[in-house]
Amino acid sequence: MAKINGFKGDYTGLSDEEVAKLQLKYGKNDLVPQKRNTLLSRILTIFKEPMILLLFGTALIYFLLGEYRDGIIMLIFVMFVTSISFFQEWKTDRTLNLLKNLTSPKVKVIRNGHLVTIDSRELTVGDLMLLEEGDKVPADGQIIEMHDLGIDESALTGESEICWKKVEITPEENNEYWKKNCCYAGTTVISGTAIVKVTAIGLNTEYGKIGVDVNSAPEYLTPLEKQTRKLIIISLYISICLFVVVFLVTFIHQKNLIDGILSGITITMAIIPEEFPVVLTVFLAMGAWRLAKRNALIRRIPAIETLGAISVLCVDKTGTLTKNQMEVRHTYVFNDHSERELINYAVLACEEESYDPMEKAIKEYGEKNGLDVKSIYSKKLIHEYPFSSDLKMMGHVWEIDGKPVLTAKGSPESILPLCHLDDKELNDVKDRQFKMASNGYRVIAVAKNDNMSIIPKNITETKMDLIGLIGLADPPKEAVPDAIDICNEAGIRIVLITGDNGITAQAIAEEIGIKNYNNVITGQELDKISEEDLRNRVKKTNIFARVTPRHKMRIVKAFKENGEVVAMTGDGVNDAPALKYADIGIAMGKRGTGVAKDAADMVLLDDNFTTIVDTIRDGRRIYDNIKKAFGYIIAIHIPIALTAILTPLLHLPLLLLPVHVVLLELIIDPTCSIVFEREPAEDKIMKRNPRPQSDPLISVNLGVKSILQGVAIFTATFVSYLYMINNGFPQNMGRSFSLTVIVLANLLLVYINGSETDNMFKVMFKQKDKAVWYVNIGVFLGLLAILYIPSLNDIVKTAPLNLFNFLKAAIIAFLSTAWWELVKLYNKNKLSLKQI
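Reference entry: report on the structure contained in this document. Just so you know, these numbers come straight off a predicted model, no measurement behind them.

Position of glutamate 145 among the secondary structure elements: in strand S6 (residues 140–152). Overall, the relative accessible area of 11% leaves glutamate 145 in the buried class. A polar contact is formed between the side chain of glutamate 145 and the side chain of tyrosine 11, at a distance of 2.6 Å. Residues within four places of glutamate 145 in sequence aside, it is in contact with Gly6, Phe7, Lys8, Gly9, Tyr11, Val167, Ala194 and Ile195.

The structure is reproduced here in structure tokens:
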């Protein structure tokens, strides 16, 4: 039998034969089910995206039509965007593997009557673990024997306070979900030691059950994925209608079935803007790249756009809004004592090597206020009264100025009865304690006895003098209140979901600016209300306290069923199921557990709440720019499509030859993919409410705007062409003039549609991105090249324009597009009048 220092019992533990049988029955102690993603599965996941499939379908049709060059270009697009997605996913997984906060790899157990150290994976049910300060608990178990065992269970329960354990518990305590006579996998020993009998390993632990819940959560389509599928269906219907019309017209005139089919397919492919899938995929992939530079790793590419649609942001308190480390927030000095004296005696009552976050906080507060903590501990320690979870206090007897002095700290309920206080003094101190507790502070009392003649065996046998009270709390991160204000202005509702008590949650909520913090729903209430009642209650409640992991899931699901786009932040194992069920789960990279990171769609590498606000802003910017790019694509395709249809129908010489269509496509693709992707956010992007989920990518207003702009450019281009050829100009000259109009209109449209409020000149000169200027200058130089280089004139069938005609074409291009500035000005003035 093993005799362990400090423990009364003699323990044999399991034998090797028993271990082998139990491991065969229960398996290894793997706490989280691991998903193994092979190279093939990663590639197939990327190629399941609807837009990637549409790109492939477009390329296939080009090959069937014999347009091998266009087909190859489309395949290059596919390879480009999928390689970005693949690289981003690989980079994310690699970073997460480096960040993983694994459970303790080694554990001390009693086997065959000896204390040995084994790999935690080799633990099995029935093993006797020895847990000591600093250990991470590798499995669930029941405490057999202990000495002042305090465990940090915040990663599992969400409660930042130390949980002081017991060997025996009351019937009422036995009904609680997290039992005080048990230890749970994934938690950390802060104080004391214990012999613990393993009752559950692997997926059967509370930690493991959460992992199972996470992996069983259904996959939801993002708002963008839903809108994209609608867009594909609409595009399919348009394609079919155009195909039928062109096929019938061609077949009636030429009486040739094959020519009719080929003409229908050709015109359909010329009209339908295949840039849509390219824009979506490139914008999202580049968005992931940009966010990674801002310490936000995106694990699922479509989730980027979801950030911009968030209407409810559910936040976990510990480690997300708060620092997950205690700080002294308030002190109360009793009678004639000073604050320096209060902190000095509080430090003396702490352990010299502290694991307790409250003791660490007291020492840090002392150092900030000029105390030399190291010299304080240079005194001689005569006697120690260790912390008792029953008494909830502790004390040290030091030799100070040649005499013994007792310094003690603990809960006021334990310390105050031992102090010399009359009824008035006691009531005054209790009132102060209540006020501090009402602010969400953890209150401890500090006392001393500097007149000891003997050192009693028990601390309760001495009388003490009260020095004062110390209020501690896990404070909010400095930048959180400002970030909450931005979310409030952006119409994003902040909901606090925590395992802590309601008073603490309300205090934090009030301090950081969460609205409606007075209304609180607790976990006990959640257990009693139906799903329908919960859906109604969440409409008015922003604080949920004393909740379990499954409560968090219910809350998130209730918001989603009410039509909200829900984001959930968290760092603990207890947050993982809710992270998975949310529209977008956001895990903390530094403090976050492996389970939380695996369940999340995004991981914050800097654990900074303000990074969430930045990503929301970028999500909104990306969505705005996708809509701008789509509007631009539609507008610029209309003159190409109408010209391609009308010139043969009107028996006119062709304005745009195939080579011109290719050149225009080369302008459209980089313009919409590079220029619009890099457009900065609108000035008031975070001062407007989240867009409704029902909003389509191409709204009626955007569609009408694009059609009007496209028709205006077509009219200017086509009328210019008619004027030139009807007034004796050579056909190539007329083509050059009209091509100049359409190319310059294309460039101007970028700046006109760059903002819905700022005029084109402000957008143009505000643009500091060199890449955008390179694209525009490149397009302009390309136009000059095909106009004025003789060898290119022969290839593209153009002719040089004199300066007068070039300027005239530029003016026509300006007039065909700049009229929209008047519409913007009218809308801006109309909005200003509404706000007065």
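What follows concerns the side chain of threonine 407. Here threonine 407 lies in strand S15 (residues 403–410). A polar side-chain atom of threonine 407 sits 3.5 Å from the main-chain amide nitrogen of alanine 349. Discounting chain neighbours no more than four positions away, the residues touching threonine 407 are Tyr345, Leu348, Ala349, Met394, Gly395, His396, Trp398 and Ala447.

Where helix H27 (residues 700–726) contacts helix H28 (residues 731–752), the axes come no closer than 8 Å and their chain directions differ by 160°. By the criterion of interaxial angle, the relationship of H27 to H28 is roughly antiparallel. In terms of crossing hand, the pair formed by H27 and H28 is right-handed. Counting all contacts with H27, which are made through Gln709, Ile713, Ala716, Thr717, Ser720, Tyr721, Met724 and Ile725, the residues of H28 involved are Gln731, Met733, Gly734, Arg735, Phe737, Ser738, Val741, Ile742, Ala745, Leu749 and Ile752. Across the contact of H27 with H28, the residue classes break down as twelve nonpolar, six polar and one charged.

One open sheet holds the six strands; their spatial order is S12-S17-S16-S15-S14-S13, and the pairing between them is antiparallel. The open sheet has two free edges, formed respectively by strand S12 (327–333) and strand S13 (380–388), since each of these has just one partner strand. The sheet shows a mean angle of 20° between the axes of neighbouring strands, taken without regard to direction. As paired elements, S15 and strand S16 (residues 442–449) share five bridges and run antiparallel to each other. Its bridge partner being in S16, leucine 406 is matched across the sheet by asparagine 449.

With 19 residues, helix H30 (residues 770–788) extends 26 Å from end C-alpha to end C-alpha; this agrees with the ideal 27 Å at 1.5 Å per step. Looking at H30, one finds that the buried residues are Val772, Val775, Asn776, Val779, Leu783, Ile786 and Leu787. All buried residues of H30 fall inside an arc of 110° around its axis, so they share one side. Turned more than 90 degrees from where H30 packs its buried face, Lys770 and Tyr774 sit exposed.

It is worth spelling out the state of the cysteines at this point. Counted according to the given criterion, the structure contains zero disulfides. Cysteine 183 supplies the cysteine sulfur nearest to cysteine 163, a cysteine that is in no disulfide, at a spacing of 8.7 Å. Here cysteine 182 stays unpaired: no disulfide links it, and the sulfur of cysteine 183, its closest cysteine neighbor, is 7.6 Å away. The buried category is assigned to cysteine 182, whose relative accessible area is 16%.

Leu313, Phe609 and Tyr632 are the most contacted members of the largest nonpolar core, which totals 99 residues. A total of 16 residues in this core trace back to one element, the largest contributor, which is helix H25 (residues 609–649). Of all hydrophobic cores here, the second largest spans 35 residues; its members include Ile210, Val495, Met568 and Ala576.

Turning next to the sheet that holds strand S21 (residues 566–570). One open sheet holds the eight strands; their spatial order is S10-S23-S22-S21-S11-S18-S20-S19, and the pairing between them is mixed. With partners counted over all chains shown, the strands left at the sheet margins are strand S10 (296–298) and strand S19 (520–522), one partner each. The sheet shows a mean angle of 20° between the axes of neighbouring strands, taken without regard to direction. Looking at chain direction, S19 and strand S20 (residues 543–545) are connected through three bridges and run parallel. The residue of S20 that forms the bridge with threonine 522 is alanine 545. Seen against the sheet, helix H22 (residues 549–561) touches strand S11 (312–316), strand S18 (493–497), S20 and S21 and runs at an angle of roughly 160° to S21.

Take the environment of glutamate 122 next. When you line up the elements, glutamate 122 lands in the loop between strand S4 (114–119) and strand S5 (128–131). Separated by 79 residues in the primary sequence, glutamate 122 and isoleucine 201 place their C-alpha atoms 9.9 Å from one another. If we ignore the near neighbours within four places in the chain, the residues touching glutamate 122 are Gln23, Lys28, Arg111 and Asp127.

Turning to the packing of aromatic side chains, a few remarks are in order. Here the structure, examined in full by the defined rule, presents seven aromatic pairs. Both rings, one in phenylalanine 714 and one in phenylalanine 718, keep their centres 5.2 Å apart while their planes meet at 25°; by these two values the pair is stacked. With phenylalanine 714 and phenylalanine 718 both in helix H27, this residue pair falls four residues apart, about one helical turn. The two residues phenylalanine 714 and phenylalanine 718 agree in class, both being buried.

Running from N to C, H28 and H30 point in directions that differ by 175°, and their axes come no closer than 11 Å. In terms of orientation, H28 and H30 fall into the roughly antiparallel class. Residues Ser736, Leu739, Thr740, Val743, Leu744, Leu747 and Tyr751 of H28 form the contact with H30, whose own contacting residues are Val772, Trp773, Asn776, Val779, Phe780, Leu783, Ile786 and Leu787. Taken together, the residues of the contact of H28 with H30 break down into twelve nonpolar, three polar and no charged.

Here we take up the pattern of salt bridges. The full count for this structure, using the stated rule, is 24 salt bridges. With a closest N to O distance of 3.1 Å, glutamate 489 and lysine 687 form a salt bridge. Taken as a pair, glutamate 489 in helix H18 (residues 480–489) and lysine 687 in the loop between helix H26 (658–675) and H27 lie far apart in primary sequence, 198 residues in all.

So, about the pairing of S18. With five of its five residues buried, S18 lies for the most part within the structure. The pairing of S11 with S18 spans five bridges and is parallel. Bridge pairing in S18 links leucine 313 to isoleucine 494. As defined by bridge partners, S18 adjoins S20 across two bridges and the pair is classed as parallel. In the sheet register, isoleucine 497 faces S20, and the bridge partner there is phenylalanine 544.

Calculation rules
Residues numbered from 1 in each chain as written. Predicted model: local features only at pLDDT ≥ 70, side-chain atom pairs only at ≥ 80, totals over all residues. Heavy atoms only, no water. Helix = DSSP H or I, 4+ residues; strand = E, 2+ residues; numbered from the N terminus. Buried < 20%, exposed > 50% of the residue type's maximum accessible area, 1.4 Å probe, protein only. Polar contact = N/O pair within 3.5 Å; in protein donor to acceptor, adjacent residues only side chain to side chain. Contact = heavy atoms within 4.5 Å. Axes fitted to C-alpha atoms, helices over the stretch in contact; angles between N-to-C directions. Parallel < 35°, antiparallel > 145°, perpendicular 65-115°, else oblique. Left-handed = near helix turned anticlockwise from the far one by under 90°. Nonpolar A, V, L, I, M, F, W, Y, C, P; charged D, E, K, R; others polar. Pairing = 2+ DSSP bridges. Expected span 1.5 Å × (residues − 1). Arc of directions from axis to C-beta. Disulfide = S-S within 2.5 Å. Core = buried A, V, L, I, M, F, W, Y, C linked by side-chain atoms within 4.5 Å. Phe/Tyr/Trp six-rings, centres within 6.5 Å; stacked < 30°, edge-to-face > 60°. Salt bridge = Lys/Arg side-chain N within 4 Å of Asp/Glu carboxyl O.

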